Amino acid sequence: MTANAASPNHLQLTRDGQLRHFLTLDGLGRELLTDILDTADSFIEVGERSIKKVPLLRGRTVVNLFFEASTRTRSTFELAAKRLSADVLNLDINTSATSKGESLSDTLLNLEAMASDMFVVRHAQSGAPHFIAQSVTPGVAIINAGDGRHAHPTQAMLDMLTIRQHKGGFEGLKVAIVGDILHSRVARSQIRALNELGAEQIRVIAPGTLLPRDVESLGCTVEYDMARGMKDLDVVIMLRLQKERMEGALLPSEREFYRLYGLSQDKLALAHPECIVMHPGPINRGVEIESAVADGPQSVILNQVTNGIAIRMAVMSMAMGGQVAERQQKLNELSGLNERGLA
Ligand code: CP
């Protein structure tokens, strides 16, 4: 795939279609998504070695900038960068100058002055990583680690890797995403990835108050009744109720939500017997999922966490490779102009 100035990928792809930032799955084709999955597959073996390191980012500096809480994403980005041999800086936002009123732009300018090569950004504001990618010094890669309700592309890709490992591929798959779709950047990125990779059915199962307007336009069907929605499923993905993003009363009570939409053993029995159970975490036991299901034989929740390292290694190494290729291309062009006496 190539990117032109009018395409949404003008920012995240090089002219010859390589990744240089990773901001969203929108506009990324099946070939590139499959390339990310295949690259991640090749990194799984690194995590099984006694010395878990490859030199792909040796000498590079990766800065983790998390303006929202995180356990899985932040830790696995850090481990991924270290396994690629990068130097890693985890900026603690609570004790950084942001808490003294420094703007995001000024924080970034200062970190760029330390010769950083990559920023991994989580922010409550949708579009923050995109904003940073527009203004960052050429050669510095921006990776979206979750922005507002917009996107969580590495989470969706680690989910796709987990599905591919357990189901062999996406053709013919029936997948449901259950719960708080309204506030979920994870669901938006998963729906996008599942459509691009060719899943047969993508259902969202939720009460009307937890669905975005025109949710079908994302590329899914809607089911309000959990029992109907579970029928014949190959994959069920549970979501956390994002109470921190809820304004007003969207639910009668957590107990009522669990009764209607919580994944219990009884409800799981309505799906295909080999249906896998996924959850991006953090899980709330007894709110969206029963402990016996979360810890049960069909659960792949901890496999998702493990796969987060390989996916993040893939995305970081591919984006850095794209930045290097682009820089080389510009140098070649400049040297061509020089030779012709045009520079
Ligand atoms: N899945 C996910 O984004 O988890 P964290 O908030 O712990 O990073």
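Being a predicted model, the structure only gives us computed values, none of them experimental.

The next point concerns the pattern of salt bridges. One pass over the structure, following the stated rule, counts 15 salt bridges. Measuring nitrogen to oxygen at the nearest pair gives 2.9 Å for the salt bridge that ties E326 to R20. With E326 in helix 11 (residues 301–339) and R20 in the segment before helix 1 (30–44), this residue pair connects regions lying 306 residues apart in the sequence. Among the residues examined, R20 registers a relative accessible area of 14% and is labelled buried. Beyond isolated ion pairs, a larger network of salt bridges with shared partners links D26, R192 and E196.

As far as domains go, the protein holds domain 1 (9–151 + 308–316) and domain 2 (153–304). On a C-alpha basis, the centroid separation for the pair domain 1 and domain 2 is 26 Å. Contacts between the two partners involve 35 residues from domain 1 and, on the opposite side, 27 residues from domain 2. In terms of surface lost to domain 2, no three residues of domain 1 exceed L25, L37 and R149, which account for 29% of the buried area on that side. Along the contact surface separating domain 1 from domain 2 lie four salt bridges. Across the pair R164 and D38 runs a salt bridge, and its minimum N-O distance is 2.9 Å. Where domain 1 packs against domain 2, one counts nine residue pairs in polar contact (both at pLDDT 80 or more). Breaking the side of domain 1 that touches domain 2 down by element, the ones donating at least two residues are helix 1, helix 2 (72–83), strand 3 (118–123), strand 4 (141–147) and helix 11. Per-element accounting of the side of domain 1 that touches domain 2 gives the leading share, nine residues, to helix 1. The residue inventory of the side of domain 1 that touches domain 2, partitioned by class, reads 15 nonpolar, ten polar and ten charged.

Tallied over the entire structure, the rule returns one aromatic pair. Seen from the ring of Y258, K267 lies directly overhead, with NZ or CZ sitting 6.0 Å from the centre.

Procedures and definitions
- Residues numbered from 1 in each chain as written.
- Predicted model: local features only at pLDDT ≥ 70, side-chain atom pairs only at ≥ 80, totals over all residues.
- Heavy atoms only, no water.
- Salt bridge = Lys/Arg side-chain N within 4 Å of Asp/Glu carboxyl O.
- Helix = DSSP H or I, 4+ residues; strand = E, 2+ residues; numbered from the N terminus.
- Buried < 20%, exposed > 50% of the residue type's maximum accessible area, 1.4 Å probe, protein only.
- Domains from an automatic or database assignment.
- Contact = heavy atoms within 4.5 Å.
- Buried area = accessible area lost by both parts, 1.4 Å probe.
- Polar contact = N/O pair within 3.5 Å; in protein donor to acceptor, adjacent residues only side chain to side chain.
- Nonpolar A, V, L, I, M, F, W, Y, C, P; charged D, E, K, R; others polar.
- Phe/Tyr/Trp six-rings, centres within 6.5 Å; stacked < 30°, edge-to-face > 60°.
- Lys NZ or Arg CZ within 6 Å of the ring centre and 35° of its normal.

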